[in-house]
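Coordinates in review
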Amino acid sequence: MDRFDVGCVDAEPTGDDLAAIEAEWPLIEAGIDLVDAEARMAAADHPSELDWRALRRAQARVLRAATESYARSARPAGSTVARAA
């Protein structure tokens, strides 16, 4: 058996799967932007101040998205009020 075989023919994502992806999308997108900024830095012979600024912004965006994701997951089900830190 192939190690990637999920053991079922119907491998379409469920509604819950899609909702989970949508909820995590801001963090996923921030991570992609961070990798992009890191790649630009690695490819530059002498990174400019704009390159460094873009990297810092991308790092901060990942931290914000991770914090917001954690805060959403820490809320009780059905709650619309954010928890105090």
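Heads up: the structure comes first, above all this text.
Reference entry: report on the structure contained in this document. (Residues numbered from 1 in each chain as written. Predicted model: local features only at pLDDT ≥ 70, side-chain atom pairs only at ≥ 80, totals over all residues. Heavy atoms only, no water.)

**A word on a nonpolar patch on the surface**
Here is the rule we go by: Here a patch means residues that are over 30% exposed by relative accessible area and free of salt bridges, tied together within 9 Å if like-charged and within 5 Å if nonpolar (Val, Leu, Ile, Met, Phe, Trp, Tyr). Using a 1.4 Å probe, the Shrake-Rupley method yields the accessible areas, and only the shown protein chains count as cover for residues. Take a side-chain nitrogen of Lys or Arg and a carboxyl oxygen of Asp or Glu: if they are within 4 Å of each other, that pair is a salt bridge. Each helix corresponds to a stretch of at least 4 residues labelled H or I by DSSP, and each strand to a stretch of at least 2 residues labelled E; elements are numbered beginning at the N terminus.
Together, Leu18, Ile21, Trp25, Ile28 and Ile32 give the surface a local cluster of nonpolar side chains, amounting to about 450 Å² of exposed area. Along the chain, Ile32 turns up in helix 1 (residues 15–43).

**Quick look at helix 1**
Defined as follows: What a helix should span is 1.5 Å times the count of its residues minus one. Bend at a residue means the angle formed by two fitted axes: the first through the 7 residues ending at that position, the second through the 7 residues beginning there. To sort residues, take the accessible area from a 1.4 Å probe on protein chains only and compare it with the maximum for the residue type: under 20% means buried, over 50% means exposed, and anything in between is partly exposed. Between two residues, a contact is recorded if the distance between any of their heavy atoms is within 4.5 Å.
With 29 residues, helix 1 extends 40 Å from end C-alpha to end C-alpha; this agrees with the ideal 42 Å at 1.5 Å per step. At Trp25, helix 1 is bent by approximately 55°, the largest bend along its length, and proline Pro26 sits one to four residues beyond. Buried residues of helix 1: Ala30, Leu34, Ala37 and Met41, and no others. Looking at the buried side of helix 1, the elements it contacts are helix 2 (49–74).

**A short note on the pattern of salt bridges**
Under the defined criterion, the tally for this structure stands at four salt bridges. Residue Asp33 pairs with Arg61 through a salt bridge whose shortest N-O separation is 2.0 Å. Placement of Asp33 in helix 1 and of Arg61 in helix 2 is noted, with a sequence separation of 28 residues between them. Linking Asp36 and Arg40 is a salt bridge whose minimum nitrogen-to-oxygen distance equals 2.4 Å. Of this pair, Asp36 and Arg40 both sit in helix 1, four residues apart, roughly one helical turn. Exposure remark for Asp36: the relative accessible area of 41% places this residue in the partly exposed category.

**Here we look at the packing of helix 1 against helix 2**
We count it as follows: Between N-to-C directions, angles span 0 to 180 degrees; the directions come from axes that are lines fitted to C-alpha atoms, helices contributing only their stretch in contact. Any angle that is under 35 degrees is reported as roughly parallel, and any over 145 degrees as roughly antiparallel; angles of 65 to 115 degrees are reported as roughly perpendicular and all others as oblique. What makes a crossing left-handed is the near helix being turned counterclockwise from the far one by less than a right angle; a clockwise turn instead makes it right-handed. Charged means Asp, Glu, Lys or Arg here, nonpolar means Ala, Val, Leu, Ile, Met, Phe, Trp, Tyr, Cys or Pro, and polar covers whatever is left, Gly included.
Where helix 1 contacts helix 2, the axes come no closer than 8 Å and their chain directions differ by 160°. Comparing the axis directions of helix 1 and helix 2 gives the class roughly antiparallel. The handedness of the crossing between helix 1 and helix 2 comes out as left-handed. Contacts between helix 1 and helix 2 pair Ala23, Pro26, Leu27, Glu29, Ala30, Gly31, Asp33, Leu34, Ala37, Glu38, Arg40 and Met41 from the former with Asp51, Trp52, Ala54, Leu55, Ala58, Gln59, Arg61, Val62, Ala65, Ala66 and Arg72 from the latter. A class-by-class count of the residues in the contact of helix 1 with helix 2 yields 14 nonpolar, two polar and seven charged.

**So, helix 2**
Here helix 2 spans 37 Å end to end across 26 residues, near enough to the 38 Å set by a 1.5 Å rise per residue. Here helix 2 has its buried residues at Ala54, Leu55, Ala58, Val62, Ala65 and Ser69.

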